[in-house]
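Here is how the chains run, residue by residue.
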Amino acid sequence: MSSIVIWTIVVISVLGLILAAVLYLVAERFKVEEDPRIDEVEKTMPGANCGGCGYAGCHAFAVAAVQNGNLDKNYCPVGGNDVMKKVADILGYKVEEKAPMIAVVRCNGTCQFRPKVAEYDGYPSCKVKAATFSGDTLCAQGCLGCGDCVSACQFDAIHMNPETGLPEVDQSKCVACGACVKACPKHIIELRAKGPRGMRMFVSCMNQDKGPAAKKACAAACIGCGICEKTCRFGAITVTNNIAYIDFNKCKLCRECEAMCPTGAIHDVNFPIALDKAAVKARVMERQKKEREAAAAAKAAANESAASAETLSATN
Amino acid sequence: MNKLLVSPSPHIHADVSTKSLMRDVVIALAPAAIVSIVFYGWHELLVLAVSVLSCLLFEYLITRFMMKKPSTIGDFSAAVTGLLLGLNLPSTIPWWIVVIGALVAIGVAKMSFGGLGQNVFNPALVGRVFLLVSYPSAMTKWVMPQGLFGVDAVSGATPLGAIKEGLLAGQTVPQIMDANGYDYAQMLFANIGGTAGEVSAIALLLGFIYLLVRRVVKPYITLSIWGTVALVSLIFWLASPERFTDPAFNLLTGGMILGSCFMATDYVTSPMSVKGGIIFGIGIGFITLMIRYFGSYPEGMSFAILIMNAVVPLLNMWFHQKKYGRA
Amino acid sequence: MGGVHPDDKKISRNCKLEALPLPPMVYISVSQHIGAPAKPIVAVGDKVKVGQPIAEPGGFVSAYIHSSVSGTVKSIAPGLDMQGNKQTYIGIQVEGDEWEENIDRSDTLVTDIPDDGKAMLEKVRLAGCVGLGGATFPAHVKFSLAPGKKCECLIINGCECEPYLTSDFRTLLEKGEQVVIGAAIEKQILGVDKCVFGIEDNKPEAIAHIAEVIEKLRKLSPKYEGISVMPLMKKYPEGGEKQLIDAVMHRQVKSGGLPIDVGAVVSNVCTALSVYEAVQKNKPVIDNSVTVTGDCLGEDNQHNFVVRVGTPLSFIIDHAGGVPQTASKAIAGGPMMGRPISNLDAPTVKGTGAILFLTREQTARRPQGNCIRCGRCASACPMGLEPFLLYRLGTHDMLDELEKNAVQDCIGCGCCLYSCPANIPLLDVINQAKAAVMGVMKARRAATKAAQTK
């Protein structure tokens with residue numbers, strides 16, 4: 001009996017030793033030498049592997065950061081400036097601070113504003129729907145509402161609002177990885193600067209139809225009237241292809257454009273005080289009136305001086 | 001005119017649904033069920049009814065209260081499982097064992113994998129095998145068919161069981177066959193001991209022909225099982241008729257017909273390609289015979305199908321149909 | 001291999017081809033063909049005649065576009081096509097019906113075929129002929145064989161395997177002579193001895209009629225030798241180019257290859273007719289036959305119209321009794337591959353072969369169930385693919401695996417979705433996956449080409 005026990009112990013011990021030796025040799029043989037800094041950088045990364053930086057994942061980002069020799073092509077939108085500073089410290093590179101971004105849905109076409117004219121009956125995917133036809137409303141640029149952006153988001157930061165039929169970004173969760181931007185076949189989602197204390201302005205529409213057509217498709221569409229462009233004192237708004245666009249680097253958040261917009265296509269976010277549209281509108285109108293008068297006066301003066309110059313030359 | 005419907009092509013659909021396919025299987029099993037009730041009486045009716053109803057009930061309860069989804073009992077698939085399970089049980093079995101079998105079939109083998117289409121193993125067979133190993137005496141207590149209103153239940157062995165016992169006792173196959181008075185016509189038309197579903201080969205084949213005519217199943221899996229069984233048992237039988245049973249006996253007894261026509265051809269647990277299906281059938285036939293000839297169980301169909309079920313994902317990976325314009 | 005057998009439903013098979021009256025306005029799209037859009041060569045305010053070119057090819061794979069009416073060009077502007085997407089349209093207000101002088105408008109049959117293939121090909125190009133089977137591939141490009149390629153058999157596609165459609169069938173019956181002469185012209189252009197009409201055996205009248213016409217014409221000229229009719233089994237999609245080549249020649253086009261690689265050129269019946277008109281009558285493609293059908297239209301309102309290109313759909317539908325109350329889907333083409341119409345005011349294009357109305361009961365998607373792995377999609381697939389697998393890979397965006405499993409071979413026939421008992425949207429997902437894989441393959445080809453030129 002005891003010999004069996006002893007034999008068992010011996011066999012198992014020898015087996016264990018042999019296998020351990022094999023494992024060790026294999027591990028040695030196939031060991032991959034890697035820059036230890038790659039591992040270190042990777043550890044500071046958020047580890048979401050979302051691909052928001054343009055690389056396949058956090059490891060690929062770390063490899064690229066180490067190999068590039070600088071951080072010009074590397075920016076982790078999820079970790080933001082904090083993580084990038086840490087990465088820069090590890091590698092001894094410099095990094096530029098970037099304004100934090102957030103995904104913004106640029107469609108205002110709620111069920112109420114944008115009547116449906118057809119009924120989609122296929123696979124509930126925006127991509128399939130977009131390939132089938134222009135959309136179940138008259139707006140060919142608007143949100144299709146099948147939620148490709150929702151399924152693309154790894155951070156649970158975008159959800160469909162069943163009442164409006166539009167996706168809504170959860171500001172506390174969005175890390176600006178850009179997955180939803182790529183997923184949207186209508187390109188209505190944009191990464192914009194978060195703005196000071198989260199305050200930002202944007203044109204919530206992508207409709208490029210001319211005014212009447214846009215208005216017919218959606219009551220809240222940007223009709224490309226250009227009032228906002230004229231109102232803006234900072235040159236932040238441009239209208240191209242019948243659609244206004246606010247440059248978030250130039251916008252000073254005065255909200256005058258929003259007050260003047262006839263269709264309510266311009267939205268503000270996170271402003272502590274609600275906009276008193278009438279008051280701002282009156283103020284702007286007043287200012288514009290003054291400007292017009294001043295311009296008229298200047299013109300008149302110029303005319304006068306020109307006229308007097310003429311008379312002068314005539315008399316000469 | 002209302003809003004136009006818009007969807008990608010195609011815009012029409014064949015007149016076929018999961019429900020219609022499953023309903024066809026129920027219809028195909030009806031002759032066998034009726035024949036078994038006629039032969040085994042009201043107790044068989046009870047077994048079938050309990051089996052079907054408890055399968056439906058378990059599927060309803062699990063989908064509604066555990067998976068929190070709309071119930072799927074309307075698609076008849078649970079009814080098919082229940083019917084197959086019932087036909088795989090002896091008529092003398094107590095009703096509560098049937099309920100346990102249904103719970104294992106639906107709860108463990110089907111719904112725990114995610115429901116219809118997701119299961120690896122045939123639910124009815126898992127239920128049957130579970131009962132076979134858990135309640136061996138109840139599962140092997142056979143009576144001879146005594147008719148609808150018969151009262152003189154005579155207990156007897158199934159032909160395969162008798163062969164196994166006889167061989168263990170040192171008899172030869174022809175001796176056992178003579179002693180029990182088996183003949184093939186009897187086997188074909190019923191009246192041999194066994195589970196309800198094994199009782200009448202003709203009724204089962206009738207149902208299978210219905211499935212073929214309705215194009216619910218394709219015949220290649222079944223034919224490949226039969227071919228393998230016939231060929232392999234012919235070789236063994238020619239080598240030693242004393243020790244091994246002949247091909248016709250093997251094809252007609254046990255769960256061969258029920259298994260090859262209705263269980264092995266189950267969509268979910270059989271390979272998708274023709275080549276894969278043929279190999280699947282060959283495997284089932286071979287394993288069945290090996291269990292019958294050399295195993296300790298007299299019958300091997302259930303085990304053979306379950307073993308081959310496990311190979312199906314591999315077969316699906318290895319064998320594909322020929323693509324147009326590609327080698 | 002594969003295929004399905006949907007109910008035939010050729011309700012409009014006995015309705016004669018009838019010319020539709022001229023609409024008040026036509027809107028002619030500049031991209032009615034595969035390839036680069038045509039460039040308009042008229043200006044707003046110009047007077048145009050029927051058959052006058054109004055747009056020239058925008059590239060090699062492109063086609064001429066002609067005015068289908070006479071009148072004044074009112075607009076050259078973006079408009080909405082049948083799916084609501086923007087296209088550039090040339091809007092022409094109809095004033096009278098004045099044709100270009102060189103067009104022979106008589107009904108006389110011109111059976112003498114010129115010898116010069118090159119000149120005929122140029123005529124085909126100038127007439128803006130495109131494949132009218134649905135793909136609208138410019139005909140002159142198809143007929144200009146690449147050097148080293150030899151055509152062994154010209155196949156005239158008269159299958160019309162889609163349910164409901166009857167315009168090809170009516171064309172075969174009523175303009176059989178013209179179609180056969182057109183086929184002989186194509187034969188001459190390609191320099192091929194053999195020409196086969198592939199017609200499904202559910203159209204025995206057409207088979208008999210074409211056989212008779214060929215017999216008659218053969219007596220006139222040796223140029224009609226080698227033309228024959230082959231009855232084909234009724235099966236969808238027998239009229240798919242690759243399936244037709246397999247059925248007629250028993251050869252299979254390699255994945256990514258062209259029919260000419262196996263010595264075949266396939267041309268539709270209506271294309272052959274347009275080639276006849278272009279070469280023998282100097283008439284460019286300005287009209288095509290459009291079936292207006294559907295069970296809900298009622299028996300009296302089934303039509304096979306000959307429609308001027310650019311006629312608004314609503315104008316055609318009004319002439320067929322308006323949109324029926326019970327209709328809930330309008331389809332441009334057949335029920336298996338036709339595209340859904342969301343904008344009934346859109347104009348027709350050269351490739352518009354039918355307007356089909358289906359009721360909600362006939363067409364609405366049924367609730368999706370679990371895949372029961374029955375394999376019906378795979379046995380229905382005419383390309384031998386495994387749609388159930390492609391669907392699963394497609395929903396997970398596994399592009400490498402998709403390519404390995406030949407998603408790029410999918411012809412989009414819809415047999416898989418048609419036959420799926422669980423109503424899984426197989427084709428919807430596969431189409432997306434195919435587009436993605438094709439994109440990857442294209443990028444890879446471009447990369448290897450760039451590497452080679454380096």
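What counts, and where the lines are drawn
Residues numbered from 1 in each chain as written. Chains lettered and ligands numbered in written order. Predicted model: local features only at pLDDT ≥ 70, side-chain atom pairs only at ≥ 80, totals over all residues. Domains from an automatic or database assignment. Contact = placed C-beta atoms within 7 Å. Nonpolar A, V, L, I, M, F, W, Y, C, P; charged D, E, K, R; others polar. Pairing = 2+ DSSP bridges. Helix = DSSP H or I, 4+ residues; strand = E, 2+ residues; numbered from the N terminus. Buried ≥ 20, exposed ≤ 12 C-beta atoms within 10 Å, placed from the backbone. Expected span 1.5 Å × (residues − 1). Axes fitted to C-alpha atoms, helices over the stretch in contact; angles between N-to-C directions. Parallel < 35°, antiparallel > 145°, perpendicular 65-115°, else oblique. Core = buried A, V, L, I, M, F, W, Y, C linked by C-beta atoms within 7 Å.

1. Side note on the domain arrangement of chain C
Residue and element names in this part refer to chain C. Parsing chain C into structural domains produces domain 1 (17-103 + 285-360), domain 2 (117-281) and domain 3 (376-453). Domain 2 and domain 3 are separated by 29 Å when their C-alpha centres are compared. Taken residue by residue, the interface counts six residues in domain 2 and six residues in domain 3. When its residues are assigned to classes, the side of domain 2 that touches domain 3 shows two nonpolar, three polar and one charged.

2. Some points on the sheet that holds strand β5 (residues 53-56) of chain C
Residue and element names in this part refer to chain C. Pairing within the open sheet is antiparallel, and its three strands lie in the order β3-β5-β6. A strand with exactly one partner marks an edge of an open sheet, and here the two such strands are β3 (39-40) and β6 (65-66). When β3 meets β5, the two strands line up antiparallel, connected through two bridges. Bridged to K39 within β5 is E56.

3. Brief notes about unusual backbone geometry
A cis geometry characterises the amide bond from S9 of chain B onward to P10 of chain B, with omega recorded as -5°. Along the chain, Y236 of chain C connects to P237 of chain C via a cis peptide bond; the corresponding omega equals 0°. By the element assignment, P237 of chain C lies in the loop between β11 (227-232) and α6 (241-249). Residues other than glycine seldom take positive phi values, yet T136 of chain C does so here, at roughly 50°. With a phi angle near 55°, N423 of chain C is a residue other than glycine that sits in the positive phi range. Inspection of the secondary structure assignment puts N423 of chain C in the loop between α13 (415-419) and α14 (426-453).

4. So, the pairing of strand β2 (residues 25-29) of chain C
All names here are of chain C. Burial runs high along β2: four of the five residues are buried. Pairing analysis gives five bridges linking β2 to strand β8 (residues 86-94), with the strands arranged antiparallel. Bridged to I28 within β8 is I90.

5. Side note on helix α7 (residues 269-281) of chain C
Residues and elements named next belong to chain C. Between its first and last C-alpha, α7 extends 17 Å over 13 residues, near the 18 Å set by a 1.5 Å rise per residue. Along α7, twelve of the 13 residues are buried, which leaves the element largely enclosed by surrounding structure. Those residues of α7 not exposed but buried are V269, C270, T271, A272, L273, S274, V275, Y276, E277, A278, V279 and Q280. With its phi angle positive at about 60°, N282 sits one or two positions after the end of α7.

6. Re the interface of chain C and chain A
Opposite the 13 residues of chain C that make contact, chain A presents twelve residues. A total of four residues in the side of chain C that touches chain A trace back to one element, the largest contributor, which is α14 of chain C. Of the residues that constitute the side of chain C that touches chain A, the class distribution is four nonpolar, six polar and three charged.

7. Section: the interface of chain C and chain B
Each partner contributes to the interface: chain C provides 55 residues, whereas chain B provides 32 residues. Mapped by element, the contributors of at least two residues to the side of chain C that touches chain B are β15 (327-332), β16 (339-340), α9 (360-363), α13 and α14 of chain C. No other element matches the five residues that β15 of chain C contributes to the side of chain C that touches chain B. Within the side of chain C that touches chain B, the residues separate by chemical class into 28 nonpolar, 16 polar and eleven charged.

8. What about the sheet that holds strand β12 (residues 264-268) of chain C?
Residues and elements named next belong to chain C. The strand order β11-β10-β9-β12 describes an open sheet built from four strands, whose pairing is parallel. Looking at strand neighbours, the two that pair on one side only are β11 and β12, the edges of this open sheet. Across the sheet, the axes of successive neighbouring strands diverge by a mean angle of 25°, strand direction being ignored. As defined by bridge partners, strand β9 (residues 153-158) adjoins β12 across five bridges and the pair is classed as parallel. The residue bridging I156 from the neighbouring strand is S267, located in β12. Packing of α7 onto the sheet brings it into contact with β9 and β12, and relative to β12 it is tilted by some 85°.

9. Thoughts on the domain arrangement of chain A
Interface size is often expressed as the accessible area that is lost when the parts come together. By the assigned domains, chain A splits into domain 1 (36-91), domain 2 (99-194) and domain 3 (195-284). Centre-to-centre separation of domain 1 of chain A and domain 3 of chain A, based on C-alpha positions: 37 Å.

10. Remarks on the packing of helix α4 (residues 176-190) of chain C against α7 of chain C
All names here are of chain C. One way to put it is that α4 packs onto α7 with a least axis distance of 7 Å and a crossing angle of 80°. The angle between α4 and α7 falls in the class roughly perpendicular. Along the contact surface, α4 presents Q178, V179, I181, G182, A183, I185 and E186, while α7 presents V269, A272, L273, V275, Y276, V279 and Q280. Of the residues that constitute the contact of α4 with α7, the class distribution is ten nonpolar, three polar and one charged.

11. Observations concerning helix α3 (residues 167-174) of chain C
Burial analysis of α3 of chain C places seven of its eight residues in the buried class, the great majority of the element. Listed as buried for α3 of chain C are S167, D168, F169, R170, T171, L172 and L173 of chain C.

12. Thoughts on the nonpolar core
Within the largest apolar cluster, 198 residues are counted, with the highest numbers of intra-cluster contacts made by C55 of chain B together with V124, I155, V180, I210 and L426 of chain C. Broken down by element, the residue count for this core peaks at eleven residues, all from helix α1 (residues 18-40) of chain B. Residues A65, C139, A214 and F248 of chain A belong to the second largest nonpolar core, which totals 72 residues.

13. Overview of the packing of α1 of chain B against helix α2 (residues 42-66) of chain B
Residue and element names in this part refer to chain B. In the contact formed by α1 and α2, the axes pass within 6 Å of each other and the chain directions differ by 140°. Taken as axis vectors, α1 and α2 run oblique relative to one another. Mapping the contact onto sequence places A33, S36, I37 and Y40 in α1 and H43, E44, L45 and L48 in α2. Of the residues belonging to the contact of α1 with α2, the class tally is five nonpolar, two polar and one charged.

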